[in-house]
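Notes for the structure review
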Amino acid sequence: MDAVAQPPRVGEEHVNGILMIEYRPYQKEIIQRGADIVRKHGFVYLAMEVRTGKTLTSLGIADELGAQNVLFLTKKKAISSITKDSDLLCPPYVLFVMNYESMHKLPDVKWDLIIADEAHGMGAFPKPSKRAKDFRALVSKTKARVILLSGTPTPESYSQMYHQVYALPSGPFHKYKNFYGFANDNVDVKLKRIGGHSIKDYTAGQSKILADMAPYTISYTQEEAGFVVETTEKVLEVELLPVTYEIMRKLRKDLVVEGKEEVILADTAVKLMIKMHQLCSGTIKFESGNSKVIDYTKAQFIKETFKGKRIGIFYKFKQELHALKSVFGDALTESLDEFNAGGQVIALQIVSGREGISLQKAEALVYYNIDFSATSYWQSKDRMTTKDRLKNDVYWIFAKGGIERDIYKAVTKKKDYTLNHFKRDLLNLF
């Protein structure tokens, strides 16, 4: 567990040879407002967009509250990027940072303030996730005050708010015993037919959910913070090997491709969608559970196209990382510290790398593949943004005739790419 602080920061100046951090004016204002809300309600939700400094602001609130033992919960990937500035902040309280998955390893400390980073990760519904249940148990045990952090509190549905705050006894939805009681008053429940069965769909949360959260929430945008960054996205298409297209055509037609030792089976629509997605980047997971890179075209194209540039590469499937390692060799790292220290190329998995880290040292972001999630699209492509950066270059590497363009069309419209999309688009592939 490490002491932490996180950029961005307004001023950096040397005092007696020591580099110091100074809060931006808007951060100072939010620190005061946030502390007042915590004093009144026991928690605050900082809904501040990425790169506006919500982590540093939350630590300022902890200081303003006179907290003594502060626990900072975050994703494992984010720890190294926020630890490096801990010496600059020198907080007057005891501060620990730990990833959510290790909550059960926490020492027996009476935390008086808990900061929950990327709080939307607890937003699953209608059943609470393990993370949400563990967080609730921790808050119940310690009676700690809470600061919730997220740049996208409800990225896909207002219903995602319930399990983020159901642990908090002073929250607006604490009167409900569970999500279903909450949904009766706050969600337009619909019936959806899946596989011949009707199930309840709780996605259509009402706008009153955010209205009820307003007294506990401080929102702040990049525009308000003075960001003027221009993000340019370019789609680059590559022609895969003929054998890769041959496999995809046969799989679409027969739903099975048999090799000498392995079998590719797509006996359901979901499996067909995933297999096609993998093949469009030259990888495949066989029915046996084994995986393999069958086409290095994308990795080779990225190496040749961005030669000499410092780039961040986002990939989706594990075998895509193997392809990148094979092509880039020692020039590629998975460590943010190594990349920031002068590394040429960093590779990050989209979901684990889309939050809580900064790739401000990169000259461009390059996507080996694209995720089905609209949240992944909007969050990950903003990893380079800083207050002083004027331009971001983002490149998408798609297989010619593949599925990626259709996924891109959906997520750029803030829609997840679903099985229904795939069934419609399948006829037009290749």
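Structure's up top.
Residues numbered from 1 in each chain as written. Predicted model: local features only at pLDDT ≥ 70, side-chain atom pairs only at ≥ 80, totals over all residues. Heavy atoms only, no water.

**Concerning the pattern of salt bridges**
Formally: A pair is scored as a salt bridge if a Lys or Arg side-chain nitrogen falls within 4 Å of a carboxyl oxygen belonging to Asp or Glu. Under the DSSP-based scheme used, a helix requires at least four consecutive residues in state H or I and a strand at least two consecutive residues in state E, with every element numbered from the N terminus. Classification of residues uses two cut-offs on accessible area relative to the type maximum, computed with a 1.4 Å probe and protein chains only: under 20% is buried, over 50% is exposed, and between them is partly exposed.
All chains considered together, the criterion is met by 17 salt bridges. Note that R39 and D36 form a salt bridge whose closest N and O atoms lie 2.9 Å from each other. Of this pair, R39 and D36 both sit in helix 1 (residues 25–41), three residues apart, roughly one helical turn. You can call R39 partly exposed: its relative accessible area is 45%. Across the salt bridge formed by D267 and K271, the nearest N and O atoms sit 3.1 Å from each other. Overlapping salt bridges, with partners in common, bring together D36, R39 and E64 in one network.

**Some thoughts on the sheet that holds strand 11 (residues 230–238)**
Either a parallel or an antiparallel arrangement is found when strands of a sheet pair, and the pairing is made through backbone hydrogen bonds. The following threshold applies: DSSP-based pairing: two strands are paired if at least 2 bridges between them are found. In this description, contact between two residues means that some pair of their heavy atoms is separated by no more than 4.5 Å. To get an axis, fit a line to the C-alpha atoms, keeping to the stretch in contact for a helix; angles then go from 0 to 180 degrees between the N-to-C directions.
The six strands are arranged 11-20-19-16-18-17 in an open sheet whose pairing can be described as parallel. Across the chains shown, the open sheet's two edge strands, defined by having one partner strand only, are strand 11 and strand 17 (332–333). Looking at chain direction, strand 19 (residues 364–367) and strand 20 (residues 391–399) are connected through three bridges and run parallel. Residue pairing in the sheet places V366 in a bridge with Y395 of strand 20. With respect to the sheet, helix 13 (residues 318–328) is in contact with strand 16 (311–315), strand 17 and strand 18 (345–349), its orientation differing from that of strand 16 by roughly 145 degrees.

**Details of helix 12 (residues 297–305)**
Listing the buried residues of helix 12 in full gives T297, K298, A299 and I302. Taken together, the buried residues of helix 12 touch strand 11, strand 16, helix 13, strand 19, strand 20 and helix 17 (404–411).

**Considerations on the sheet that holds strand 3 (residues 43–48)**
If you walk across this open sheet you meet the six strands as 5-4-6-7-3-10, and the pairing is parallel. Each edge of the open sheet is held by one strand with a lone partner, namely strand 5 (94–99) and strand 10 (217–220). Mean inter-strand twist for the sheet, computed between neighbouring axes without regard to direction, equals 15 degrees. In terms of strand pairing, strand 3 meets strand 7 (residues 145–149) through four bridges, oriented parallel. Residue pairing for strand 7: Y45 is matched across the bridge by L148. Here helix 5 (residues 130–142) sits on the sheet and contacts strand 4 (69–74), strand 6 (113–116) and strand 7; the angle it forms with strand 6, its principal contact strand, is near 165 degrees.

**A word on the nonpolar core**
For clarity, the threshold we go by: The criterion is simple. A nonpolar core is a set of buried Ala, Val, Leu, Ile, Met, Phe, Trp, Tyr and Cys residues joined through side-chain atoms within 4.5 Å.
Counting 64 residues, the largest nonpolar core has I302, I313, L324 and L359 as its most contacted members. With six residues, strand 20 is the single largest residue contributor to this core.

**Quick look at the environment of K200**
With respect to the helices and strands, the residue K200 is situated in strand 9 (residues 197–201). Spatially, the C-alpha atoms of K200 and P126 are 9.8 Å apart, while their sequence positions differ by 74 residues. In this structure, K200 is in contact with V189, K190 and L191, ignoring residues within four places of it in sequence.

**Overview of the side chain of K75**
The test is simple: What qualifies as a polar contact is a pair of N or O atoms within 3.5 Å, subject to a donor-acceptor requirement within protein and to the restriction that residues adjacent in sequence count only when both atoms come from side chains.
Mapping K75 onto the fold places it in the loop between strand 4 and helix 3 (79–83). Residue class for K75 comes out buried when judged on its relative accessible area of 15%. There is a polar contact of 3.0 Å between the side chain of K75 and the backbone oxygen of V351. Excluding residues within four positions of it along the chain, K75 makes contact with N99, Y100, V351, S352 and E355.

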